[in-house]
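# Structure assessment
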Amino acid sequence: MHVILLSGAKHFKEAIKELEFFEIETKYFPDNELYLRIPFNPLKKEILIQSMPLEPDKKLIELIFASKTLKDLGSDELIALIPYLAYTRQDRRFKEGEAISQLIVLEMMRDAGIKKILTIDAHFHSGIPRVEGLEIHNLKLAPYFKEFFKEFEENEDFLAIGPDDDAYELAILLAKELKIEAGYIEKKRISDKEVEVKKVSAEVENKNIILIDDIISTGGTIIEAYKLLKKEGAKDVYVAASHGLFLQDSLNKIFSIGIKEVITSNSIPSKASKLNVIPLMFNELNKLKWI
Ligand code: R5P
């Protein structure tokens, strides 16, 4: 099997020394259409790696072209590692007539020949989507952030807090590893860019906090959560998140308000991306017996 890096995964080139990565040929024509060629003889089983932040449509089309071409050339067991899987938020029709993008995208991948997807903390808030003929596994990173907070282990001055009730599960997972308490914040989303935070489920006065979430997008959630925690008397606040999109210069904003440290995975490369997902994903592939 080849391990093939697509454009959203090029930054993983050095991610595991023991692995040889393969690349495909791509270019864009003057009218922005994609040209793609597989420059080696495909094997029956192939692994494709693609992360899909910021330009999800481009990354999706590239993955679809590559998968379909591999399938046409004889690969019949395609596994896609998609550390950041885009289009997962729209998992139902909130308003009549809306496209259920999560399902459409997964079905496109399945129809292009992908049999299995391993992703990370995808926004599957209504559970793992069921798509016939496609196996999906969602790896949770929360326990792996332990290595960055080891000195806080069993320290009752520290709490892991999810900035909304969905992130409570992540806070519990990290707290269990560190043997500390967990809690969450009641949050209401007002718009794509605005959130309202209400109250914290735990007593945070004089405590240091590790805020843990799946995604930092505009940073609104983390910034509002930080303000509430400080208002309630919290001491230092650290942030861990699986995916750091950091739109609208939000990483700088997060640091400028006084957050001590921000750690994300390298599903999306940035100044904060310190947790290497590739060894974890290959370890998971072995556990799942997919390779
Ligand atoms: C929401 O359900 C997610 O878990 C994140 O809290 C959210 O996507 C973060 O977005 P933003 O950084 O724009 O507040």
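Report on the accompanying structure. Per chain, residue numbering runs from 1 following the sequence as it is written. Under the rules for a predicted model, residues below a pLDDT of 70 receive no local features and side-chain atom pairs below 80 are neither given nor counted, while totals for whole chains, interfaces and linings still include all residues. Side-chain measures were taken over the full set of non-hydrogen atoms in the model, leaving aside hydrogen atoms and water.

## Quick look at the nonpolar core
To qualify as a nonpolar core, a set must consist of buried Ala, Val, Leu, Ile, Met, Phe, Trp, Tyr and Cys residues joined through side-chain atoms within 4.5 Å. Exposure is judged per residue with a 1.4 Å probe applied to protein chains only, and the accessible area is read against the type maximum: over 50% gives exposed, under 20% gives buried, and values in between give partly exposed. Counting 41 residues, the largest nonpolar core has Ile49, Leu81, Phe145, Phe149, Ile278 and Phe282 as its most contacted members. To qualify as a helix, a DSSP run of H or I must reach at least 4 residues; to qualify as a strand, a run of E must reach at least 2; elements of each kind are numbered from the N terminus. Broken down by element, the residue count for this core peaks at six residues, all from helix H6 (residues 277–287). Core analysis: the next-biggest nonpolar cluster, separate from the first, contains 34 residues, Leu85, Ala112, Leu134 and Ile215 among them.

## Overview of unusual backbone geometry
One non-glycine residue, Tyr87, lies in positive phi territory at about 65 degrees. Along the chain, Tyr87 falls in the loop between strand S6 (77–82) and helix H2 (101–111). For Tyr87, a relative accessible area of 31% translates into the label partly exposed. Even without glycine at this site, Glu154 takes up a positive phi of about 55 degrees. Here Glu154 is to be found in the loop between strand S8 (135–139) and strand S9 (158–162).

## Comments concerning the packing of aromatic side chains
Geometry of aromatic contacts follows a simple scheme: Phe, Tyr and Trp rings, the Trp one being its six-membered ring, pair when their centres are within 6.5 Å, and the pair is stacked under 30 degrees between planes, edge-to-face over 60, tilted otherwise. The final tally for this structure, using the stated rule, is nine aromatic pairs. Relative to Tyr35, the ring of Phe29 lies with its centre 6.1 Å away and its plane at 90 degrees, an arrangement referred to as edge-to-face. Taken together through their ring pairs, the aromatic side chains of Phe149, Phe152, Phe158 and Tyr238 make up a single cluster. Charge-over-ring placement is defined geometrically: NZ (Lys) or CZ (Arg) within 6 Å of the ring centre, and within 35 degrees of the ring normal. Just above the ring of Tyr35 sits the side chain of Lys27; from NZ or CZ to the centre is 5.2 Å. The aromatic ring of Tyr28 is capped on one face by Lys58, whose charged end is 4.5 Å from the ring centroid.

## Brief notes about the pairing of strand S14 (residues 261–265)
Summarising burial for S14: four of the five residues are buried, a large majority. A pair of strands counts as paired when DSSP detects no fewer than two bridges linking them. Of the strand pairs in this sheet, strand S13 (residues 237–244) and S14 are connected by four bridges, and their pairing is parallel. Each residue of the ladder has a partner; that of Val239, found in S14, is Val262. Whether a crossover is right-handed comes down to one check: with the strands pointing away from the viewer, does the path from the first strand over the helix to the second run clockwise; if it does, it is right-handed. What joins S13 to S14 is helix H5 (residues 250–256), and the crossover it makes is right-handed. Both S14 and strand S15 (residues 273–275) contribute to a ladder of two bridges, which runs parallel. Counterpart to Thr264 in the pairing with S15 is Ser273.

## Remarks on the sheet that holds strand S5 (residues 45–49)
As summarised here, the arrangement of the six strands in space is S2-S1-S5-S6-S7-S8, forming an open sheet in which the pairing is parallel. Taken across any chain shown, the strands that pair with only one partner, and hence form the sheet edges, are strand S2 (21–23) and S8. Taking the axes of each pair of neighbouring strands and ignoring which way they run, one obtains an average angle of 25 degrees across the sheet. Sheet analysis places strand S1 (residues 3–5) next to S2, joined by three bridges and oriented parallel. Bridge pairing in S2 places Val3 opposite Phe21. Between two residues, a contact is recorded if the distance between any of their heavy atoms is within 4.5 Å. Axis definition: a line fit to C-alpha positions, over the contact stretch in the case of helices; interaxial angles, taken between N-to-C directions, run 0 to 180 degrees. Strands S6, strand S7 (114–120) and S8 of the sheet are contacted by H2, whose axis makes an angle of about 135 degrees with S7. Contacts from H6 reach S1, S2, S5, S6, S7 and S8 within the one sheet, and its direction differs from that of S7 by about 130 degrees.

## Here's the deal with the sheet that holds S13
The strand order across the open sheet formed by seven strands is S11-S10-S9-S12-S13-S14-S15, and the pairing between neighbours is mixed. Two strands in the sheet have a free side with no partner beyond their single neighbour: strand S11 (195–200) and S15. Taking each pair of neighbouring strands and ignoring which way they run, the sheet shows an average axis angle of 35 degrees. Judged from the four bridges that link them, strand S10 (residues 181–189) and S11 form a sheet pairing that is antiparallel. By the bridge assignment for S11, Ile185 is matched with Val200. The strands touched by helix H3 (residues 168–178) are S9, S10 and strand S12 (208–216); relative to S10, the strand with the most contacts, the crossing angle is about 165 degrees.

## Some points on the side chain of His123
As for its position among the elements, His123 is in the loop between S7 and S8. Note on His123: relative accessible area 17%, which makes it buried.

## Here's the deal with the environment of Asn286
Note that Asn286 resides in helix H6. Classification of Asn286 as partly exposed rests on a relative accessible area of 46%. For Asn286 and Ile172, which are 114 residues apart along the polypeptide, the C-alpha to C-alpha distance reads 26 Å.

## Thoughts on the environment of Met108
Here Met108 shows up in helix H2. Separated by 120 residues in sequence, Met108 and Leu228 have C-alpha atoms that sit 42 Å apart. Contact partners of Met108, with chain neighbours within four places excluded, come to Leu60 and Ile64.

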